[in-house]
Amino acid sequence: MTDAALEVDSRLVRWARETAGFSVAEAARKAKLPADRLQEWERASKASPTPRQLERLADTYKRPVAAFFLAGVPEEAPLPEDFRRIGSEVMSEPLPSEALFAFRRARRLQTAFSRLEEWGEPHESLPAPVSGKAREA
C-alpha cells in the first residue's frame, strides 16, 4: 500500500529548504529523495509529497511537519550580522546549516524565556533540572 500524496504550498517547501541553508541537491540527498522531485515540488504551485516524504523533509530542515501547512511563508527575523573573516577579508560563503539551526534554536529559547518572564516568574524561581538519577526521599 502506498501513501496518498498530500498537497502543500510549494513556497513553504522552498522556504524550509532555504532557511535551512541547503541546496536542492544537498537537501534531496539528506532527505533521501530524488533531487528532480524536490525541485519539481518547489517549482509547482502545489507540492505533492507523501506523508513519509514530508516527515523526512521536516526532519532534514528541522521544522515541524505543521510548518508545511501554514497559510503562507512566515516572516522571520533577519540573521545576525556575519562577522566571519579570514585575516582582513570578509567570508562570502553562506552560513552553514548547523549555524542556521543554532540561531533558530537560540531565538526559540529566547522567546520561551521572555514568555516565562511575562508571566511574572523570575528565572531564579524555576525548578532545577532533574538528573537521570532517582532522587532520594
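To start, this report covers the structure provided alongside it. Here the structure is a predicted model, which is why all the values come from computation and not from measurement.

**Observations regarding the nonpolar core**
Counting 22 residues, the largest nonpolar core has Val13, Leu38, Leu57, Tyr61 and Phe68 as its most contacted members. Listed by contribution, the elements that provide at least two residues to this core are helix 1 (10–20), helix 2 (24–31), helix 3 (35–43) and helix 4 (51–61). Counting residues per element, this core draws most heavily on helix 1, at five residues. Every residue in contact with Val13, bar those within four places of it in the chain, is listed here: Val8, Leu38, Glu42, Ala47, Leu57, Tyr61 and Phe68.

**A short note on the packing of aromatic side chains**
Tallied over the entire structure, the rule returns two aromatic pairs. Relative to Tyr61, the ring of Phe22 lies with its centre 6.3 Å away and its plane at 35 degrees, an arrangement referred to as tilted. Taken together, the positions of Phe22 in the loop between helix 1 and helix 2 and Tyr61 in helix 4 put the pair 39 residues apart, joining distant regions of the chain. For the residue pair Phe22 and Tyr61, the accessibility class agrees, reading buried in each case. Geometrically, the ring pair formed by Phe22 and Phe101 is edge-to-face, given 6.1 Å between the ring centres and 65 degrees between the ring planes. Of the two residues, Phe22 sits in the loop between helix 1 and helix 2 while Phe101 sits in helix 5 (residues 97–118), which places them 79 residues apart along the sequence.

**Overview of helix 1**
Of all the positions in helix 1, only Ser10, Leu12, Val13, Trp15, Ala16, Arg17 and Ala20 are classed as buried. Tucked inside the fold, the buried residues of helix 1 contact strand 1 (8–9), helix 2, helix 3, strand 2 (46–47), helix 4 and helix 5. Gly21 occupies a position one or two residues after helix 1 and carries a positive phi of about 80 degrees.

**A few points about the side chain of Arg63**
Positionally, Arg63 belongs in the loop between helix 4 and strand 3 (85–86). Exposure remark for Arg63: the relative accessible area of 13% places this residue in the buried category. Of note is the side chain of Arg63, whose polar atom sits 3.0 Å from the side chain of Thr19. Setting aside anything within four residues of it in sequence, one finds Arg63 in contact with Trp15, Ala16, Thr19, Ala58, Glu76 and Arg104.

Analysis parameters
Residues numbered from 1 in each chain as written. Predicted model: local features only at pLDDT ≥ 70, side-chain atom pairs only at ≥ 80, totals over all residues. Heavy atoms only, no water. Core = buried A, V, L, I, M, F, W, Y, C linked by side-chain atoms within 4.5 Å. Buried < 20%, exposed > 50% of the residue type's maximum accessible area, 1.4 Å probe, protein only. Helix = DSSP H or I, 4+ residues; strand = E, 2+ residues; numbered from the N terminus. Contact = heavy atoms within 4.5 Å. Phe/Tyr/Trp six-rings, centres within 6.5 Å; stacked < 30°, edge-to-face > 60°. Polar contact = N/O pair within 3.5 Å; in protein donor to acceptor, adjacent residues only side chain to side chain.

Note that all results are geometric; they support no functional claim without further evidence.
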